[in-house]
Structures are given as structure tokens and as C-alpha cells.
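This is what each chain is made of:
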Amino acid sequence: MKNSLVIGPEALPALADFVRQRAPSRLFVLADTNTARDCYPLLAPHLPAHEQLTIAAGEEYKTLATCGQVWAWLTQHQADRHALLVCLGGGVVTDLGGFCAATYKRGVACAVLPTTLLAQVDAGVGGKTGVDFEGFKNHIGVFQEPAGVFIDPGFLATLPPAELRSGYAEIIKHALIADAAAFADLGGLDAAAVADWTPIIRHSVALKEQIVALDPHEAGPRKLLNFGHTVGHALESYLLTQAGREVRHGEAVAAGLICESWLSVQRGLLPAAELAEVQEVVGAAFGKISFITLETEAIAAYAVQDKKNRGDVINCTLLRGLGHGVFDQPITLAEVAASLQYYNSI
Ligand SMILES: NC(=O)c1ccc[n+]([C@@H]2O[C@H](COP(=O)([O-])OP(=O)(O)OC[C@H]3O[C@@H](n4cnc5c(N)ncnc54)[C@H](O)[C@@H]3O)[C@@H](O)[C@H]2O)c1
Ligand SMILES: O=C(O)C(=O)C[C@@H](O)[C@H](O)[C@H](O)COP(=O)(O)O
Ligand SMILES: [Zn+2]
């Protein structure tokens with residue numbers, strides 16, 4: 001059976017139909033403290049009887065310890081293999097909940113209801129699930145497509161502006177790797193002023209889905225979707241260790257887009273004028289993340305654990321012109337650090 005994907009105001013009634021047709025043995029809803037408060041009241045009327053668990057909000061809780069809470073809750077309520085777990089939240093809830101569902105009793109079905117822009121265009125689709133471990137992003141996880149993804153842009157009404165902006169980074173990324181015309185359109189976009197996100201979400205998800213369909217388990221072309229993340233994850237991971245300096249995933253990716261575009265110029269793959277365009281679009285939406293030159297080596301060191309690497313080789317995704325990503329481009333730690341120094345200098 002093909003997995004369901006519904007994007008638009010019809011998503012919640014579609015989820016209700018999906019649950020009716022699937023007739024799970026028991027129904028479970030996982031939320032975090034913010035989505036339990038702001039999103040669950042919109043969802044609950046569409047669901048039959050269910051259990052609900054609220055976990056703490058934030059990247060610092062995307063851990064195996066939180067998975068333990070979810071697995072214990074499913075166990076206490078006698079979830080069997082015919083249960084359905086609905087994940088209501090941003091990328092933290094959808095990554096962690098998807099991982100718990102994929103591993104509990106070796107797998108129960110999961111329905112994803114992404115509630116941040118970032119999760120609606122990216123984290124909620126494509127089946128990458130997991131948690132952070134030993135300071136490394138998504139270090140433990142599995143590929144497991146959810147049985148259904150129901151994207152209601154109405155949830156964005158309560159999302160704080162900084163979270164909306166964070167999601168915008170992944171929209172820029174999708175355009176940069178796969179759609180030059182979409183990137184050109186982003187030039188004039190003011191994320192805070194968008195009245196209806198539905199067409200933008202649909203287009204961004206379509207770009208991601210085309211790539212995932214080619215390579216669901218990231219043996220090759222899916223690595224394009226990791227553009228900006230070799231440096232972005234390194235920066236995000238490093239700053240997570242620095243109390244009070246944490247940044248959102250999308251904010252780190254935005255910096256990574258600039259760093260990896262600069263590396264593309266160094267390789268002769270991207271004209272300098274196109275790097276300037278990337279900087280203009282990213283710079284219009286995102287402030288600069290601050291770090292000092294002395295920190296660049298410590299930040300770059302995180303790239304050693306990047307999942308695209310093979311042996312000692314750090315494999316980065318770069319751009320061969322706007323709208324054309326290229327994967328498996330070997331780079332050195334010194335180049336990662338140099339790209340961070342470039343970012344610092346602009
Ligand atoms: N699996 C993937 O393909 C994939 C893709 C991109 C990012 N990610 C992961 O996603 C995570 C980031 O996701 P995120 O940016 O959604 O962060 P998040 O899940 O932490 O959500 C951001 C904040 O917004 C709150 N929130 C969520 N929806 C809300 C709503 N509608 N109204 C009010 N508050 C709301 C949350 O409680 C949280 O405080 C990272 O861990 C990243 O690694 C995964
Ligand atoms: O779907 C993908 O593939 C991505 O790489 C999307 C990224 O935006 C996302 O942040 C993903 O979780 C990164 O994966 P990782 O394998 O580098 O942990
Ligand atoms: Zn990402």
C-alpha cells in the first residue's frame with residue numbers, strides 16, 4: 001500500500017479517514033510541551049479514543065533517554081504491533097517519534113503531523129528518523145517511512161517567527177540543489193509576510209520526494225539533501241555544547257549553505273557571482289552566527305563523524321551552479337575550518 005501524503009487544509013480530515021480505514025488496535029499521540037498546548041487541541045477532535053504523551057520540547061531532549069519514556073509509555077498501555085503512533089510536532093518529535101515507532105517491538109506504524117515549517121518541508125518526509133548521541137546529530141537512527149504524512153499549514157499560526165525562519169533554510173536548500181528557478185523566486189520572499197504557505201510547502205516537499213524516491217537509503221543522490229549540513233551540523237553540534245549559544249537547526253544550516261557554497265567556488269564549481277546570490281538570499285533572512293576564529297578547528301572536528309564520510313574522507317555535497325547539487329566531493333578538515341573563517345569574514 002502506498003504511504004499517504006496530504007498537504008493542505010484537508011490534512012486533518014484526511015488523517016481521520018486514514019485512522020478509520022487502518023483501524024489500529026490502539027492509537028497513541030506523541031507531542032512536546034508546545035505542540036501539546038498549541039496543536040493538540042486542533043487535532044484531538046479528529047481522532048477516536050487515544051492515549052497522549054507529552055515530552056519536553058527542544059533539541060536537548062532528542063535523546064535515547066526520551067525514547068525510553070516513549071517506549072515505557074507504549075509498554076504500559078499494551079501497544080501491540082497493530083498500534084499507530086501519531087507524531088505531532090516539529091522535527092524533534094517526528095525524528096524521535098519515528099525512531100521509537102520503528103524500533104518498538106521491531107516496528108509499529110507511525111503517522112506524522114509536522115507542525116513547524118521545517119518539519120513540514122523537510123523533517124516530516126523521507127523517512128530519516130533518529131536521535132542525537134554523544135554530541136553528534138542523528139547519530140542513532142533508522143530509515144523508516146511513516147505510513148502517512150499529513151501536513152496542515154494551519155499549525156504554523158502559532159509558530160514563533162524565529163522557528164518559521166529556521167524552516168526557510170531547508171526551503172532555500174531544496175531550491176539550491178534542484179531548482180534554480182525556485183531559488184530565483186526566493187529572492188523577493190519575506191517569510192514573515194507569507195499569507196499561505198501551502199504552495200511553497202508543496203513545491204519544496206515535491207523536490208525532496210523526487211530525490212528520496214531515487215535513493216531512499218542515501219547510497220548516492222540523497223546526499224544532495226545534506227547540502228549545507230557537513231558544516232551546518234558541525235556548527236549546530238558545537239554550539240549545543242556551549243550553554244546559551246545554542247542555535248536552531250535551520251539557522252546552522254543557513255550558515256552551512258554559505259560555507260559550502262564558498263567551498264564550491266574554491267573547487268571551481270560555482271561562479272563567485274552565484275555565491276554572492278546565495279549570501280544575499282540567506283543574509284536577508286538570517287543574522288550571522290557568532291564564533292571566533294580560534295573556535296573554527298573545534299567546530300570543524302565534528303565533521304569527522306558526518307554520515308556521508310567514508311573512512312578518513314569527508315564527503316561533502318557542493319553546488320555545480322545554482323540549482324545543481326553534486327555529492328561525494330571530498331574535502332579536508334582544513335577546508336571546513338577555512339569555510340567557517342570565510343563565513344566569519346563576510
Ligand atoms: N528527518 C529529517 O529528514 C530531518 C530534516 C530536517 C531536520 N531534522 C531535524 O529536525 C529538528 C529540527 O526541527 P524543528 O526546527 O521543527 O525543531 P523543533 O521540533 O525543536 O520545534 C521547534 C520549536 O517549535 C515548537 N513548536 C512546534 N510546532 C509548533 C507550533 N505549531 N506552534 C508553536 N510551537 C511549535 C516546538 O515545541 C519547539 O520548541 C532537528 O533535530 C533536525 O536535526 C530532521
Ligand atoms: O532527508 C535527508 O536526507 C536530509 O539530509 C535532510 C536534512 O535536512 C536533515 O537535517 C537530516 O536529518 C540530516 O541527516 P543526517 O543524515 O545528516 O543526520
Ligand atoms: Zn536539515
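All of these numbers come straight from a predicted model, not from anything done at the bench.

Quick look at the site of ligand 1 now. D32, E59, K62, T116 and T158 are the nearest of the 27 residues found near ligand 1. At 2.9 Å from an oxygen atom of ligand 1 is found a side-chain nitrogen or oxygen belonging to N34. Contact distances for ligand 1 include 2.7 Å between an oxygen atom and a side-chain N or O atom of K62. Relative to its free-state accessible area of 870 Å², ligand 1 is covered by the protein chains to the extent of 92%. Sorting the residues of the shell around ligand 1 by element identifies α2 (33–38), α5 (91–103), α6 (117–123), β7 (136–140) and α7 (161–178) as the ones contributing at least two each. Residues lining the shell around ligand 1 come from more than one domain, with at least three contributed by each of domain 1 (4–158) and domain 2 (161–345).

The next thing to look at is the nonpolar core. Residues V70, I172, L176, W197 and I201 are the most contacted members of the largest nonpolar core, which totals 90 residues. Looking at this core element by element, the count peaks at nine residues for helix α11 (residues 249–266). Both of domain 1 (4–158) and domain 2 (161–345) provide at least three residues apiece to this core. Grouped together as the second largest cluster of nonpolar side chains are 24 residues, A36, L43, A147 and F155 included.

Attention shifts here to the coordination of the zinc ion (ligand 3). At this site the zinc ion (ligand 3) is bound by E170 (OE), H229 (NE2) and H249 (NE2), with donor distances of 2.0 to 2.1 Å. Here the donor residues of the zinc ion (ligand 3) share one chain and are spaced in sequence as E-x58-H-x19-H. Residue E170 is found in helix α7, and its partner H229 is found in helix α10 (residues 229–240); the two are separated by 59 residues along the sequence. The residues E170 and H229 share a single accessibility class, namely buried.

Quick look at the site of ligand 2 now. Near ligand 2 there are 14 residues, and of these D122, K208, R222, N226 and K307 occur at the shortest range. Here N138 contributes a side-chain N or O atom positioned 2.9 Å from an oxygen atom of ligand 2. L225 is positioned such that a nitrogen or oxygen atom in its backbone is 3.4 Å from an oxygen atom of ligand 2. With the chains in place, 92% of the 430 Å² that ligand 2 exposes on its own is no longer accessible. Those elements that place two or more of their residues in the shell around ligand 2 are α7 and α10. Within the shell around ligand 2, the residues separate by chemical class into one nonpolar, five polar and eight charged. Residue-level mapping places the shell around ligand 2 at the junction of two domains, with at least three residues from each of domain 1 (4–158) and domain 2 (161–345).

As a further point, take the UniProt feature "domain: 3-dehydroquinate synthase C-terminal" (unreviewed entry) in the chain. The UniProt record marks residues 167–309 with the feature "domain: 3-dehydroquinate synthase C-terminal" (unreviewed entry), using the residue numbering of this structure. Counting secondary structure, residues 167–309 comes out at 59% helix and 0% strand; the distance between its end C-alpha atoms is 26 Å.

With that out of the way, let us pick up the pairing of strand β5 (residues 109–114). Within β5, six of the six residues are buried, leaving the element largely enclosed by the surrounding structure. In β5, alternate side chains face the same way, and those of A109, A111 and L113 on one face and C110, V112 and P114 on the other are all buried. Pairing of strand β4 (residues 84–89) with β5, which is carried by six bridges, proceeds in the parallel orientation. Paired with L85 across the bridge in β5 is C110. Each parallel crossover has a hand, and the one from β4 via α5 to β5 is right-handed. Bridging between β5 and strand β8 (residues 148–151) involves two bridges; their strand directions are parallel. Each bridged residue has a counterpart across the sheet, and for V112 the counterpart in β8 is V149.

Let us look at the sheet that holds β5. One open sheet holds the six strands; their spatial order is β1-β8-β5-β4-β2-β3, and the pairing between them is parallel. A strand with exactly one partner marks an edge of an open sheet, and here the two such strands are β1 (4–7) and β3 (51–55). Adjacent strand axes in the sheet meet at a mean angle of 15°, parallel and antiparallel pairs treated alike. This element, helix α1 (residues 11–22), spans β1, β2 (27–32), β4, β5 and β8 of the sheet and lies at about 155° to β8. Packing of helix α4 (residues 64–76) onto the sheet brings it into contact with β2, β3 and β4, and relative to β3 it is tilted by some 165°.

About the cut-offs
- Residues numbered from 1 in each chain as written.
- Chains lettered and ligands numbered in written order.
- Predicted model: local features only at pLDDT ≥ 70, side-chain atom pairs only at ≥ 80, totals over all residues.
- Heavy atoms only, no water.
- Near = heavy atom within 4 Å.
- Polar contact = N/O pair within 3.5 Å; in protein donor to acceptor, adjacent residues only side chain to side chain.
- Areas by Shrake-Rupley, 256 points an atom, 1.4 Å probe, with all protein chains shown as cover.
- Helix = DSSP H or I, 4+ residues; strand = E, 2+ residues; numbered from the N terminus.
- Domains from an automatic or database assignment.
- Core = buried A, V, L, I, M, F, W, Y, C linked by side-chain atoms within 4.5 Å.
- Buried < 20%, exposed > 50% of the residue type's maximum accessible area, 1.4 Å probe, protein only.
- Donors = N, O, S within 2.8 Å, 3.2 Å for Na, K, Ca; no water.
- Nonpolar A, V, L, I, M, F, W, Y, C, P; charged D, E, K, R; others polar.
- UniProt positions renumbered as here; feature names shortened; annotations may be inferred.
- Pairing = 2+ DSSP bridges.
- Right-handed = clockwise from strand over helix to strand, strands pointing away.
- Axes fitted to C-alpha atoms, helices over the stretch in contact; angles between N-to-C directions.
- Contact = heavy atoms within 4.5 Å.

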